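# Coordinate inspection notes
Chain residues, written in single-letter form:
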Amino acid sequence: MNLPTDSDLIENFTFPEITLGQSARLLRTLTLQDISAFAAVSGDTNPAHLDPAYANDTLFHGVIAHGMWSGALISALLGTQFPGPGTIYQNQVLHFVKPVRVGDTLTVTVTVTAMDASQHSLELDCDVQNQHGDRVLSGVAKVLAPVKKVRLPRVDAPQIQVFDPQARFRDLLAMGQKLEAVRCAVVHPCDEGSLSGAMDAARYGLIIPVLVGPAVRIMHVAQEAGIDLTGVEIIDQPHSHAAAEKAADMAACRDVEILMKGSLHTDELIHAVLSKPVLRTGRRMSHVFRFDIPLYHKPLLITDAALNIRPTLQEKVDIIQNAIDFARIMGVVTPKVAILSAVEMVNPSIPSTLDAAALCKMADRGQITGGVLDGPLAFDNAISMHAAHIKHIDSVVAGHADIMAVPDLESGNMLAKQLEYLAGASGSGIVLGARVPIALTSRADGPSNRVASALLALLVAHNARRDQPRPVW
């Protein structure tokens, strides 16, 4: 049994132990996470603290901390160090002198200036200075000092994971900021979700939508949902099958550079694309999910969780190569690919472990290029260095995976939905391997997911332009 050391304990000062002029101090450096966490728990979402564009135009010319964040440091000092546990706040006067910015290190000092033995009360001068010695906050606190001695194990503060889906969404959209919108055939957008998603993507400047489907029905959906289709091209087709065929024809003759799934079955659209030899690349088509996950330190790609049901070894080669190429388009120079299975050891009774070992060897011999592969890896090994360390796995991929290649569609689809519904992940998806990218969305996807999928397709479409002459409409 390990006994707690002095540094593991918290001890207070009772009133008889305190003398006039006695002081204590605390140091704290402000981070962006501090600002986000304080906004989350207080509800104070003033853009001066959270929106750099807005904050740059204010008197302070940049993001600043909430004033009460600095005040809370005084409370922390009084409640945990001096006088410590048992202290009761009675009054606090604060004077805000200068703004506190990200990276500032504050020294918080409290000094006893008056004592009342009959009430066991203290008055303390409060002074907060930054790393330059500039006072940012001053004030006076009045407290009741503890009368009972306390010496207890120190309680660690709960860890706060600050995840702002909108901030992640804005960061993703910024990747397409300098790219011009491209023509996109939106196939059979006959429900509110798919139609509004396409029009939202257009408003963000990502696509020039061409709506392919029953014109009367599309107009009815737009009218019911209050969606303005003024100036939007509509190509009338009687049903979803005809819409898919027409959209594939448009892609084949390069009238559009992106296809976007509307309210039709995925296999209908994919079959139409595969029926056009000019749209084939010789590589297996596959789907890639992109997730922003609150508890993971970077975007994560999962493939294939939507298209290939039980891929063969050779099909997995194409699936992984598609994902690597896509990750590189997204700015990952050398993507790390974790090939998932139930275990991290090759086991002849588990076919996915044999495929994983073969895929790694194929990568070693140049049959898969552009990334670093490792597998088989269990899910925990792929995302957690701690888990990998416990199992003595020495791998540059473990704990740092950019891509997770799943054994089959069933496991991948369950993983993707668990990340979204249980882990709060924000997702988007795209089909790769054809001459044009396909933004593939689910009926359950929200507006931001659909716009994000359009952004992924835009990036792929612009990358494809480098390999072929730009279309002339």
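Residues numbered from 1 in each chain as written. Predicted model: local features only at pLDDT ≥ 70, side-chain atom pairs only at ≥ 80, totals over all residues. Heavy atoms only, no water.

### Considering empty space enclosed by the protein
All told, the structure shown has 1 cavity of 30 Å³ or more when counted by the stated rule. Each pocket or cavity is described by its volume, and for the largest cavity that value is around 80 Å³. Put simply, the parts of the chain that give the lining of the largest cavity at least two residues each are helix H10 (313–329), strand S14 (336–340) and helix H11 (351–364). The dominant element in the lining of the largest cavity, judged by the number of residues it contributes, is H11, at 4 residues. (1 Å grid on protein atoms, 1.4 Å probe; cavity = no way out; pocket = protein on both sides within 12 Å on 5 of 7 lines; lining within 4 Å. Points joined across faces, edges and corners; volume = space filled by probe spheres on them. Helix = DSSP H or I, 4+ residues; strand = E, 2+ residues; numbered from the N terminus.)

### Quick word on the packing of helix H8 (residues 240–252) against helix H9 (residues 266–274)
Helix-helix packing is characterised by the crossing angle of the two axes and by the distance between the axes. Their axes nearest at 8 Å, the elements H8 and H9 cross at an angle of 40°. The angle between the axes of H8 and H9 places the two elements in the oblique class. In this structure, the crossing between H8 and H9 has a hand that is right-handed. Residues Ser240, His241, Ala244, Glu245 and Ala248 of H8 lie in contact with H9, whose contacting residues are Glu268, Leu269, Ala272 and Val273. Among the residues forming the contact of H8 with H9, the class breakdown is 5 nonpolar, 2 polar and 2 charged. (Axes fitted to C-alpha atoms, helices over the stretch in contact; angles between N-to-C directions. Parallel < 35°, antiparallel > 145°, perpendicular 65-115°, else oblique. Left-handed = near helix turned anticlockwise from the far one by under 90°. Contact = heavy atoms within 4.5 Å. Nonpolar A, V, L, I, M, F, W, Y, C, P; charged D, E, K, R; others polar.)

### Notes on the sheet that holds strand S6 (residues 135–144)
One open sheet accounts for 5 strands, arranged S2-S4-S5-S6-S3; its pairing is antiparallel. Each of the sheet's edge strands pairs with one partner strand only, and the pair in question is strand S2 (23–29) and strand S3 (88–96). Between one strand axis and the next, the sheet turns through 20° on average, direction left out of account. Of the strand pairs in this sheet, strand S4 (residues 105–116) and strand S5 (residues 121–129) are connected by 9 bridges, and their pairing is antiparallel. Bridging from a neighbouring strand, Val112 pairs with Leu124 of S5. (Pairing = 2+ DSSP bridges.)

### Describing the confidence of the model for the chain
When pLDDT is averaged along the chain, the result is 91; 96% of the residues meet or exceed 70. Overall, residues 469–473 carries pLDDT values under 50, and its contacts beyond four positions in sequence, including any with other chains, amount to 11 contacts. (pLDDT = per-residue confidence, 0-100.)

### Topic: the sheet that holds S14
The strand order across the open sheet formed by 11 strands is S10-S9-S8-S11-S18-S17-S12-S13-S16-S14-S15, and the pairing between neighbours is mixed. Taken across any chain shown, the strands that pair with only one partner, and hence form the sheet edges, are strand S10 (233–236) and strand S15 (372–377). The pairing of strand S9 (residues 207–213) with S10 spans 4 bridges and is classified as parallel. Of the residues in S10, the one forming a bridge with Val212 is Ile235. Against the sheet, H10 engages strand S12 (286–292), strand S13 (300–303), S14, S15, strand S16 (403–405) and strand S17 (426–432), with an angle of about 155° to S13. Its contacts with the sheet place H11 against S14 and S15, and it is angled at close to 165° to S15.

### Focus: the nonpolar core
Core analysis: the largest hydrophobic core is formed by 55 residues, its most contacted members being Leu206, Leu229, Ile320, Phe326 and Leu373. At 10 residues, helix H15 (residues 447–465) tops the list of elements feeding residues into this core. Counting residues in each nonpolar core, the second largest holds 30 residues, with Ala55, Val110, Leu124 and Leu137 among its members. (Core = buried A, V, L, I, M, F, W, Y, C linked by side-chain atoms within 4.5 Å. Buried < 20%, exposed > 50% of the residue type's maximum accessible area, 1.4 Å probe, protein only.)

### Focus on the pairing of S15
Here S14 runs beside S15; their pairing, made up of 4 bridges, is parallel. By the bridge assignment for S15, Leu340 is matched with Leu377.

### Some details on the pattern of salt bridges
Under the definition given, this model contains 22 salt bridges. In this structure, the salt-bridge partner of Arg283 is Asp325, at a minimum N-O distance of 2.8 Å. Taken together, the positions of Arg283 in the loop between H9 and S12 and Asp325 in helix H10 put the pair 42 residues apart, joining distant regions of the chain. Where Lys391 meets Glu344, a salt bridge forms, and the shortest distance between an N and an O atom there is 3.6 Å. Here Glu344 lies in the loop between S14 and H11 and Lys391 lies in the loop between helix H13 (385–390) and S16, a separation of 47 residues in the sequence. Taken together, the shared-partner salt bridges in this structure form one network comprising Glu11, Glu17, Lys149 and Arg151. (Salt bridge = Lys/Arg side-chain N within 4 Å of Asp/Glu carboxyl O.)

### Some points on the environment of Cys126
The topology assignment puts Cys126 in strand S5. Sequence separation between Cys126 and Ser349 is 223 residues, and the spatial gap between their C-alpha atoms is 68 Å.

### Section: the packing of aromatic side chains
On inspection of all chains with the given rule, the structure shows 3 aromatic pairs. Aromatic side chains Phe13 and Phe82 sit 5.3 Å apart centroid to centroid with 75° between the ring planes, which places their arrangement in the edge-to-face category. Of this pair, Phe13 sits in the loop between strand S1 (9–11) and S2 while Phe82 is found in the loop between helix H4 (67–80) and S3, placing the two residues 69 residues apart along the sequence. Note on Phe13: relative accessible area 30%, which makes it partly exposed. Taking the relative accessible area as the measure of exposure, Phe82 reaches 1% and is therefore buried. Cation over ring: Lys149 sits above Phe13, and NZ or CZ is 5.9 Å from the ring centre. (Phe/Tyr/Trp six-rings, centres within 6.5 Å; stacked < 30°, edge-to-face > 60°. Lys NZ or Arg CZ within 6 Å of the ring centre and 35° of its normal.)

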